[in-house]
Amino acid sequence: PRRLPLQRSHRRLSFLHGFLGCPEDWEGVIRHLPEFECQALKYPFQIPADSIVIGYGMGGRIALKCSQPKIILSAHPGFK
């Protein structure tokens, strides 16, 4: 598959951990992304405005409400 180049403003990735997780949960993933500026955040998350947000579980649920581009893993928006 062809990979599209990311704009300079989308080279920062912010990782949000799950409910019982911690920033270190993302170390194995971040290790494989040397071409990006990666930041694993700790709850309560202070998400940079110029990043792509990657969230798992609770972090994914919080990412759903962000205006930035996002990648969500194993998260549900919740019940109404």
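Nothing here was measured: the structure is a model prediction, and the numbers come from that model.

### Focus: the overall build of the protein
Thinking step 1. Of regular secondary structure, the protein possesses 2 helices and 4 strands.
Thinking step 2. Mapped in sequence order, the helices and strands of the protein form the string β-α-β-β-α-β.
Thinking step 3. Within the protein, buried positions represent 31% of all 80 residues.
Thinking step 4. If you sum the accessible surface of the protein, you get close to 5,900 Å²; carbon and sulfur atoms cover 57% of it.

### Observations regarding the sheet that holds strand β4 (residues 70-73)
Thinking step 1. Overall, parallel pairing links the 4 strands, which are arranged β2-β1-β3-β4 in an open sheet. Edge strands, defined here as strands with exactly one partner in the open sheet, are β2 (37-41) and β4. This sheet shows a mean twist of 15 degrees between the axes of neighbouring strands, independent of strand direction.
Thinking step 2. When strand β1 (residues 12-16) meets β2, the two strands line up parallel, connected through 5 bridges. Of the residues in β2, the one forming a bridge with S14 is Q39.

### A few points about the environment of L33
Thinking step 1. Tracing the backbone through its elements, the reader meets L33 in the loop between α1 (27-30) and β2.
Thinking step 2. With 20 residues separating them in the primary sequence, L33 and L13 have C-alpha atoms 9.5 Å apart.

### Notes on the nonpolar core
Thinking step 1. Counting residues in each nonpolar core, the largest one holds 7 residues, listed as L13, F15, W26, L33, F36, I52 and I54.
Thinking step 2. Contributions of two or more residues to this core are made by β1 and β3 (52-56).
Thinking step 3. Once residues within four sequence positions are removed from consideration, L33 is found in contact with L13, F15 and C38.
Thinking step 4. Ranked by size, the runner-up nonpolar core spans 5 residues in total, among them L16, L41, V53 and A63.

### Here we look at the environment of R11
Thinking step 1. With respect to the helices and strands, R11 occurs in the segment before β1.
Thinking step 2. Assessed through its relative accessible area of 30%, R11 is described here as partly exposed.
Thinking step 3. When the C-alpha positions of R11 and S51 are compared, they lie 7.1 Å apart, and in sequence the two are 40 residues distant.
Thinking step 4. For R11, the side chain forms a polar contact with the main-chain oxygen of E35, separated by 2.9 Å.

Analysis parameters
- Residues numbered from 1 in each chain as written.
- Predicted model: local features only at pLDDT ≥ 70, side-chain atom pairs only at ≥ 80, totals over all residues.
- Heavy atoms only, no water.
- Helix = DSSP H or I, 4+ residues; strand = E, 2+ residues; numbered from the N terminus.
- Buried < 20%, exposed > 50% of the residue type's maximum accessible area, 1.4 Å probe, protein only.
- Areas by Shrake-Rupley, 256 points an atom, 1.4 Å probe, with all protein chains shown as cover.
- Pairing = 2+ DSSP bridges.
- Axes fitted to C-alpha atoms, helices over the stretch in contact; angles between N-to-C directions.
- Core = buried A, V, L, I, M, F, W, Y, C linked by side-chain atoms within 4.5 Å.
- Contact = heavy atoms within 4.5 Å.
- Polar contact = N/O pair within 3.5 Å; in protein donor to acceptor, adjacent residues only side chain to side chain.

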